[in-house]
Every structure is written in structure tokens, then in C-alpha cells.
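These are the residues of each chain, in order.
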Amino acid sequence: MTPQDATTTAPGIPPAAAAILEPSPMAQLRRRVFGHYGILIGGAVLGIIFLVAIFAPYLTPYHPILDQDLANALKPPFWHDSPKYDPAYPLGTDLQGRDYLTRLIHGSRISLLIGFSAMLISGVIGTTLGVAAGYFGGRVDMVVNFLITTRLSMPVVLVALAVVSLVGSSLWIVIWVLGLLIWDRFAVVMRSTTMQVRNLDYVAAAQACGCSTLRIVMSEILPNVANHLIVVATLEMAHAILLEAALSFLGLGVQPPAPSWGLMISEAKGMMFFDAWLIGVPGTALFALILSINLLGDGVRDVTAPENRN
Amino acid sequence: MLKYLLRRLGVAVLVALTVSVITFSLIYLSGDPAIALAGDSASNEEIEHIRKAYGYDRPIIVQYGDWLARAAQGDLGRSHYLKANISDVILTRLPNTLILALCAISFALVLAIPLGVAAAIRPNSLIDRFALSLAVVGQALPSFWFALILIFFLGIQLRWLPITGTDSWMNFIMPAIALGYYVTPGVMRLTRAGMLEVLSSDYIRTAKAKGLRPPAVLFKHALRNAIIPVVSLAAVQFGFMLGGSIVIETIFAINGLGFLAWETIQRADLPMMQAIVLVLSCFYIVITFLADMLNAFLDPRIRVT
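What you are looking at is a predicted structure, and each value in this text was computed from that prediction instead of being measured. (Residues numbered from 1 in each chain as written. Chains lettered and ligands numbered in written order. Predicted model: local features only at pLDDT ≥ 70, side-chain atom pairs only at ≥ 80, totals over all residues. Heavy atoms only, no water.)

## What to know about the overall build of chain A
Inference 1: Assigned secondary structure in chain A consists of 14 helices and zero strands.
Inference 2: When its helices and strands are written in sequence order, chain A yields α-α-α-α-α-α-α-α-α-α-α-α-α-α.
Inference 3: Referenced to the eigenvectors of the C-alpha coordinate spread, the extents of chain A come out at roughly 75 × 55 × 30 Å.
Inference 4: Sorting the 310 residues of chain A into buried and exposed places 50% on the buried side.
Inference 5: Summarising the internal contacts of chain A: among those between residues at least 6 apart in sequence, 72% fall at separations of at least 24. (Helix = DSSP H or I, 4+ residues; strand = E, 2+ residues; numbered from the N terminus. Buried < 20%, exposed > 50% of the residue type's maximum accessible area, 1.4 Å probe, protein only. Contact = heavy atoms within 4.5 Å.)

Right, dumping it as C-alpha cells:
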């Protein structure tokens, strides 16, 4: 299964021929990716959630907010062996009689949108700061380090809650608040990796050729720290999704009646004694989404780490 | 060491000042703090009255200077909602948050460090795989959902543990687990990586060659060096816990700073909100500063650079 098996030289083949027979770096990478269970499972689950989010309106006959029917409130899901179960609502209905499956499906859109957008915002801020600190060093590095320390000393959830409560809560406000708060890990990782890369010969060569700083950063530094960037991006996307769920759970994130998973858990917590599945369903979805993103991130780190290449 | 200490102290003070500026400007995010305090139904006279009473009519620089000078002396102002001194309220709520955070970090360390060590002793063994999968699952579990699951099974179904309040030590078990488990993956991975690195080093081979008993090699020689980065991480996480217990404290109705913060935000009590953010940030700054000092003490190399 390991790439080693494929590349070991068979006896009797001269070394020169072995070099030709060796699979290309791209083929080796492909082999590593498809031999990694974390990437396969994480990618498959994330892919399914992504497709569900895109095609959400076509997957169920109901509307996640408008199709209320108080007469059908709190129908049990299919695994409850109850006479009240209605096959028209496989995962049952919530307190307002809305189809739970429909709300779950539409909730994936909110989680993915917030996770991705907040990650993008924090990624741009953190990468800019981190690469600048790592590349220029000296004063710039000191200032960026100071910014990172300051940012880390402010409690994320508290500041996010306070800001949202003062500015007002909407989907995009939550995205911007999270994006502006969670850039620290991007900055920390990009700073240290850029420091390692900037002293390598090919950066010196580019400088000797007279390349502009922007060009060196864009075409020499960034491609060589891209694997670390992807790993942090997955971590921060998961982080943002968890934070949104927590904010919505506390009532200061996405506002009802939007089908945010955190909000669904919050709305159901009063009915925990008798209808625990109302919490179990959106929580499991959240768990599966975060797990798949993390597995993918861990996988990318394993597959691209130079020490795992041979 | 003194030079390192002074420089690190200077940075800490500077960070605290920056945080105070950010915290202070937080209340201006809503536009006019007097209107936010007075509420939607207030008349113009009421708003003016509040503006005067709280000193929001002064220039912002003067307001900030005054606020900071008082805060430095321990006076964080008055909460108009609770009709009490903010410092007093925070001091009465603080112990619960500290107890919870201490229990949580202890739970995390007690679980994570032995697992990390065991995983490092036998890489790729069953216990290593178990520890790694626990880390992967732990990182993906939303803490508020995990807290609700704990309540459902341990509190409602089995009736082993009380669900809310702070009446006995039993009340802190579930919150500590819910708050602490999130830290275990990071601590465990760091312990494992540190142990793996140390165990393959020369001085461990020497210690083994001298014929020291394996436990002595493991704990006296290897763990002591592998644990240094864990100290920093644990300190940082402890700081995060003080500020991040807001969700857990709200769920378990623990009368601590996090619960206070949530109540404060709900009722738009701006001076209190500022004070809590400032206090929690300062805690973090102090804790990380102490951790850095401890690290410099444990590892002389840090003092030089």
C-alpha cells in the first residue's frame, strides 16, 4: 500500500532504468492521496454535504421556514417505533411542525457558507501578516507578533458575542466578525513557514535575478508554503463553523427562523427530556461536517509532508 | 534572565494597553452608547440624562483616560443594571470560573499526558491508534452539544450528576469534562510528538545504556524534557478556558464570569461588558506571562534568545 512498495527496484533492473520506471511525482502524490483513509472518508463526507447544500431546494418538497403546520408538530423520526411516525417526515418535525430533514439540509448551506467565508477573510488577513513577518523579519516581525499576542489575549467567543449584540446579528455580520477574529493561527503558521522558506537558495536566486518582492512572495514563497496554508484553512473553517454554531446556540448568531444547526440545537434544548433526537440530529450533522473537514486537513498534512514521501 | 523578564513584561504591559483601547472602543460600535443604554423607548431627555450621568458627553480621550486610571486602581465603574460596583460583582463570580477552569484543565492534562506518553512509547500500536482517533473525534465534537449529551445521559437518564448550579463538587464534574475534553487532543499530540523526539535522542540512549530502570528513564529523563512545550500550551488553553467557559457556564447555569458575561450581553449592560472583556484579557496576559517565565526557568535556552 505504501508508495515504497511501488518504487523499490526489482532485482536485475539497472539503476538507470529504475529511474525511468519510477512513477512521476504527480503519480506518487495521487497514490498517497488514494491510499489515505482520512482523505477518502473526509473527502467523501464533505463532498456529500457540499452537494446536499448546493441542491438543497430540490431534495425535499418542503420549505425550511415557510412550511409550518402546528398540527404536525413534534412528529418522531423513523427510528422511533411510534404510531405517530409519518413517512412524509423521515426525521420528524420540530415544535413548529416544520420538516426536520428539510431544515437539516438547508442548515448545511449556512454552516458551509459561514465556514468558508470566515476562513477566507481570516486567511487573507493572517497570511498577509504572517508572510510579511516571516519575509521581512525585524521590525515588521515584531509588530505582527505583537498583533498576534494582542488578538490571542481577547477571548473570541466573548468578543464575538459582544460585537454581534452591539452591531446587530445577521449572517454577514457573523461572517465578518468571525473572519476578523480568527486570523491568528494563519499568521502564526505562515510566519514560521515563511521564515524557513525565505532563507532557501531559490529565494536568494530570485532576489539575485532582480524579482520584485511581490513576485518573490507570490511565485516563490506562497507555492512552497501552500500545503501548510491548506491545513490551517481546513482547521479554521472547522473552527468558524463551530463558533457560528456556538453563537447561534447562545442566541447571538444567525437569527431564527433560519435553519442554522446551532440554532436548531438551541431551540430543541427545552424539549430534551422527551425529544432528545431533536438535539441529536443537528448535532450529529455538525459533528460529521467538522470531522470530515478535520480528516481532510490531517490527510493533506500527512500526504504533503516531505518526510512521508519515501 | 532579568533582561528577558523585563522585556517580556514590557510586551505584556503594551498588549494590555492595546487590549484596553480595543475594549474601550467596543461600546462605540453600537454608535451612541447612551442610546444603547437607555433602550429603544427612551425619550431625548432620558438619553441626555444618561449621557451626562455616565460621562459620555466628554471627549473620548478624556473618557478613556479616566476609565483606564480607575481600572488600574481596581475600580471598574458601576453597573446601572445591577446597581452595584462592577469590581465587587466580578470578584464574587470569579471563584466559580476559576474552579471550573482548574477542574477542566486538570481533567484534560490527566487524560492527555498519560495517553500521549503511552502512545509515544509504542508508536502505531493499538493504544497509539486509540489515542489518535480519540483526538480526531474530540476535535470535531462541538462542546455545547457534548455538554447537552452529558446532561442527557448522566443527568437525565442515569441521574448520577446534578444538571445545574454550583452547590457541590458534583456540579463541576460534567462542566469540567465538557470544557476540558476540547483541550485533550492538542495536549496529547504535543506530548506524543515531544516524547517521540526525546526518546530517540542520545542522552536517552546513554541513560538506557547506563542500565537505568525504564521508568526512571521515561519519567525522570524523557518526560521532563518533553513536557516543556506542554506547559506553554496548557497555560494558553487555561487562559482560553477562562474566556471560553461562557458557553459551558450558560448551559450548566454556573454562576461564574462566563454566565455573567452572557447575562450582561443580553441586557446590554455596556460598562459591565467592557469590564469583563478587560478582566478576562488581562488574566490571559498574566497567565501566559507566568508560563513564559516558568518555561525560561525550565529551559535555559529560552532566556538567551
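## Side note on the overall build of chain B
Inference 1: The helix and strand tally for chain B stands at 15 helices and two strands.
Inference 2: Projecting the C-alpha coordinates of chain B onto the three principal axes gives extents of approximately 85 × 60 × 30 Å.
Inference 3: By residue count, 48% of the 305 residues in chain B fall in the buried class.
Inference 4: By sequence separation, contacts in chain B at least 24 residues apart represent 72% of the contacts at least 6 residues apart.
Inference 5: Surface exposure of chain B reaches about 15,000 Å², of which carbon and sulfur atoms provide 66%.
Inference 6: Side chains of chain B carry 24 positive and 18 negative charges; the gap between the two charge centres is 18 Å. (Areas by Shrake-Rupley, 256 points an atom, 1.4 Å probe, with all protein chains shown as cover. Lys, Arg positive; Asp, Glu negative; His and termini not counted. Charge placed at Lys NZ, Arg CZ, Asp CG, Glu CD.)

## Topic: the packing of helix α12 (residues 228-252) of chain B against helix α14 (residues 270-298) of chain B
The relative placement of two packed helices comes down to the angle between their axes together with the axis-to-axis distance.
Residue and element names in this part refer to chain B.
Inference 1: Taken N-terminus to C-terminus, the directions of α12 and α14 make an angle of 170°; their axes are 9 Å apart at the nearest point. Classified by the angle between their axes, α12 and α14 sit roughly antiparallel to one another. Along the contact surface, α12 presents Ile228, Val231, Ser232, Ala235, Val236, Phe238, Gly239, Phe240, Leu242 and Gly243, while α14 presents Leu280, Phe283, Tyr284, Ile287, Thr288, Ala291, Leu294, Asn295 and Leu298.
Inference 2: A breakdown of the residues in the contact of α12 with α14 according to their chemical character gives 14 nonpolar, five polar and no charged. (Axes fitted to C-alpha atoms, helices over the stretch in contact; angles between N-to-C directions. Parallel < 35°, antiparallel > 145°, perpendicular 65-115°, else oblique. Nonpolar A, V, L, I, M, F, W, Y, C, P; charged D, E, K, R; others polar.)

## Things to note about the packing of aromatic side chains
Geometry of an aromatic ring pair is reported as the spacing of the ring centres plus the angle between the planes.
Inference 1: Inspection of the entire model under this criterion finds 14 aromatic pairs over all chains.
Inference 2: Ring centres of B:Phe24 and B:Trp67 lie 5.5 Å apart, and the angle between their planes is 45°; this geometry places the pair in the tilted category. Within this pair, whereas B:Phe24 is found in helix α1 (residues 2-26), its partner B:Trp67 is found in helix α4 (residues 60-72), the two being separated by 43 residues in sequence.
Inference 3: Under the relative-accessibility criterion, B:Phe24 is labelled buried at 7%.
Inference 4: A centroid spacing of 5.5 Å and a plane angle of 20° characterise the contact between B:Phe240 and B:Tyr284, whose relative ring orientation is stacked. A residue pair is termed long-range when its members are at least 10 positions apart, and B:Phe240 in helix α12 and B:Tyr284 in helix α14 qualify at 44 residues.
Inference 5: Taken together, the ring pairs connect B:Phe24, B:Tyr28, B:Tyr64 and B:Trp67 into an aromatic cluster.
Inference 6: Here the basic side chain of A:Arg198 rests over the ring of A:Tyr135, its NZ or CZ set 4.5 Å away from the ring centre.
Inference 7: Sitting over the face of the ring of A:Phe249, A:Lys269 holds its NZ or CZ atom 4.9 Å from the ring centroid. (Phe/Tyr/Trp six-rings, centres within 6.5 Å; stacked < 30°, edge-to-face > 60°. Lys NZ or Arg CZ within 6 Å of the ring centre and 35° of its normal.)

## Focus: the domain arrangement of chain B
Inference 1: By the assigned domains, chain B splits into domain 1 (31-75) and domain 2 (94-267).
Inference 2: Each of domain 1 of chain B and domain 2 of chain B has a C-alpha centre, and these two points are 42 Å apart. (Domains from an automatic or database assignment.)

## A word on the environment of B:Leu9
Inference 1: Structurally, the position occupied by B:Leu9 is in helix α1.
Inference 2: C-alpha of B:Leu9 to C-alpha of B:Ala72: the two residues are 63 residues apart in sequence and 16 Å apart in space.

## Focus: the interface of chain B and chain A
Inference 1: Each partner contributes residues to the interface: chain B has 43 residues there, and chain A has 40 residues.
Inference 2: Counting the surface lost from both chain B and chain A, the interface buries some 3,500 Å², and carbon and sulfur atoms represent 83% of this.
Inference 3: Joining chain B to chain A, the criterion identifies one salt bridge.
Inference 4: In this structure, the salt-bridge partner of B:Arg189 is A:Asp298, at a minimum N-O distance of 3.5 Å.
Inference 5: Counting the contacts that link chain B with chain A gives three residue pairs in polar contact (both at pLDDT 80 or more).
Inference 6: At the level of secondary structure, the elements contributing two or more residues to the side of chain B that touches chain A comprise α1, α6 (126-140), α7 (143-157), α12, α13 (257-266) and α14 of chain B.
Inference 7: When the residues that make up the side of chain B that touches chain A are grouped by side-chain class, the tally is 34 nonpolar, eight polar and one charged. (Buried area = accessible area lost by both parts, 1.4 Å probe. Salt bridge = Lys/Arg side-chain N within 4 Å of Asp/Glu carboxyl O. Polar contact = N/O pair within 3.5 Å; in protein donor to acceptor, adjacent residues only side chain to side chain.)

## Some points on the pattern of salt bridges
Inference 1: Summed over all chains, the structure comprises 17 salt bridges over all chains.
Inference 2: Between B:Asp292 and B:Arg8 there is a salt bridge, and its shortest N-O distance comes to 2.4 Å. Of the two residues, B:Asp292 is situated in helix α14 and B:Arg8 in helix α1; the sequence distance between them amounts to 284 residues.
Inference 3: In this structure, B:Asp66 and B:Arg58 form a salt bridge, with 3.3 Å as the shortest nitrogen-oxygen distance.
Inference 4: Using a relative accessible area of 28% as the deciding quantity, one classes B:Asp66 as partly exposed.
Inference 5: The class for B:Arg58 is partly exposed, based on a relative accessible area of 31%.
Inference 6: It is possible to trace a salt-bridge network through shared partners that takes in A:Asp94, A:Arg98, A:Arg103 and A:Glu267.

## Quick word on helix α9 (residues 184-199) of chain B
Residue and element names in this part refer to chain B.
Inference 1: Helix length check: α9, at 16 residues, gives a terminal C-alpha distance of 22 Å against a target of 22 Å (1.5 Å per residue), a fit within 8%.
Inference 2: Listed as buried for α9 are Thr184, Pro185, Val187, Met188, Thr191, Arg192, Gly194, Met195 and Val198.
Inference 3: Those residues of α9 that are buried are in contact with α5 (86-121), α6, α8 (173-180), α10 (202-209), α11 (214-226) and α12. (Expected span 1.5 Å × (residues − 1).)

## What to know about unusual backbone geometry
Inference 1: Of the consecutive residues A:Pro256 and A:Pro257, the connecting peptide bond is found in the cis state with omega at 10°.
Inference 2: Relative to the helices and strands, A:Pro257 is located in the loop between α12 (213-249) and α13 (261-268).
Inference 3: One non-glycine residue, B:Lys83, lies in positive phi territory at about 50°.
Inference 4: Assignment of secondary structure puts B:Lys83 in the loop between β1 (78-79) and β2 (84-85).

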